[in-house]
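# Summary of the model geometry
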Amino acid sequence: MQIRSLCGSRRGQYLTIDAFIASMIVAVTLVIVLAARTSIPYTSQSETISKGLAESLSQVRLSELNNQLIINMSKNGTITNPDNTILQQVTEFYIVGNRHYAFELLRNVSQALIPNQYSFEVIVNNDIIYSRTIRSENSSAVLVSSKKLIFGVINKTAVVYGPTIAEVRIWQ
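Residues numbered from 1 in each chain as written. Predicted model: local features only at pLDDT ≥ 70, side-chain atom pairs only at ≥ 80, totals over all residues. Heavy atoms only, no water.

## Remarks on the pattern of salt bridges
This is how the line gets drawn: The salt bridge criterion pairs a side-chain nitrogen of Lys or Arg with a carboxyl oxygen of Asp or Glu, the two atoms within 4 Å. Secondary structure elements follow DSSP: runs of H or I no shorter than four residues count as helices, runs of E no shorter than two count as strands, and numbering proceeds from the N terminus. For every residue, the accessible area (1.4 Å probe, protein chains only) is compared with the maximum for its type, and the residue is labelled buried under 20%, exposed over 50%, or partly exposed between those bounds.
Evaluated as defined, the whole model comprises five salt bridges. In this structure, the salt-bridge partner of Glu55 is Lys148, at a minimum N-O distance of 2.3 Å. In this pair, Glu55 is assigned in helix H2 (residues 43-59) and Lys148 in strand S3 (residues 143-153), connecting sequence segments 93 residues apart. Residue class for Lys148 comes out partly exposed when judged on its relative accessible area of 23%. Across the salt bridge formed by Glu121 and Arg169, the nearest N and O atoms sit 3.8 Å from each other. Within this pair, whereas Glu121 is found in strand S1 (residues 119-124), its partner Arg169 is found in strand S4 (residues 160-171), the two being separated by 48 residues in sequence. Taking the relative accessible area as the measure of exposure, Glu121 reaches 6% and is therefore buried.

## Concerning the packing of aromatic side chains
Under the convention used in this document: Pairs were defined over the aromatic rings of Phe, Tyr and Trp, the Trp ring being its six-membered one, requiring ring centres within 6.5 Å. Orientation was assigned from the angle between planes: stacked under 30 degrees, edge-to-face over 60, tilted for the rest.
This structure, assessed with the given rule, holds three aromatic pairs. Measuring from centroid to centroid gives 5.5 Å for Phe93 and Tyr101, while their planes differ by 45°, and the two rings are tilted. On the basis of relative accessible area, Tyr101 is assigned to the partly exposed category, the value being 29%. An angle of 50° between the planes, with centres 5.5 Å apart, marks the rings of Phe120 and Tyr130 as tilted. Linking Phe120 in strand S1 with Tyr130 in strand S2 (residues 127-132), this pair joins segments that are ten residues apart in sequence. Phe120 gets classed as buried once you look at its relative accessible area, which sits at 1%.

## A short note on unusual backbone geometry
Phi angles above zero are rare outside glycine, and Asn125 is one such case at about 50°. Along the polypeptide, Asn125 turns up in the loop between S1 and S2.

## Observations concerning the nonpolar core
What counts here: Among buried residues, those of type Ala, Val, Leu, Ile, Met, Phe, Trp, Tyr and Cys that are joined through side-chain atoms within 4.5 Å constitute a nonpolar core. Residue contacts are defined here by distance: any two heavy atoms, one from each residue, within 4.5 Å place the two residues in contact.
Core analysis: the largest hydrophobic core is formed by 30 residues, its most contacted members being Leu57, Ile86, Val90, Leu105, Leu106 and Ile170. Only H2, helix H3 (68-75), helix H4 (86-96), helix H5 (99-110), S1, S2 and S4 provide two or more residues apiece to this core. At five residues, the largest contribution of residues to this core is made by H4. Beyond its immediate chain neighbours, meaning those up to four positions away, Leu105 contacts Leu62, Leu69, Ile70, Ile86, Gln89, Val90 and Phe93.

So this is what it looks like as C-alpha cells:
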C-alpha cells in the first residue's frame, strides 16, 4: 500500500512541476512579446503631429496669431498681408529672397507646436527653409511627411506665385 501512495504522490509532483514549467514558458513568452512591442516607435503619434503641423501652418492666418514676431514684422512692413497663412508667408519670403525671415517665422511659430523629442523640417520647392534636428533622419525609425500646395500673391501686388509644394517632415 505504501508503494502505491508513493507513486501517486510522485505523479502529483511531476504534474505540478510540469504545470509550473508551462506557466513559466507562457509568462516569458508574454514578456518577450510585450517588450518587443514597446520598442516599435509609435508612428500614429508622429503622423498626427506631422499632419497637424502641416494643417496648422497652411490654414492659420497670421492675423489669428498673437505672436510678437508677427506683430513686429507687420509693423515694420516685412509682412504686408496679415491674411496670409503661415505657409503662404513663408513661401512669399522664400520667393522674394528673404529666407532668413522665413526661418525666423517658422522657428518662432513652431516652438510651442512640436514636442522637443521630435526633429522636423519645413521644405519649400525642395529647399530646406527650417530644420530642427535632434537626431538624424537616417538614424530614425519613423519619418512622416505631409505636403501642401501653396498659392498666393506677393505683397498685395498682381504677382502671383504657385503652385508651390511645401513639405513638413517629422521624425523621432
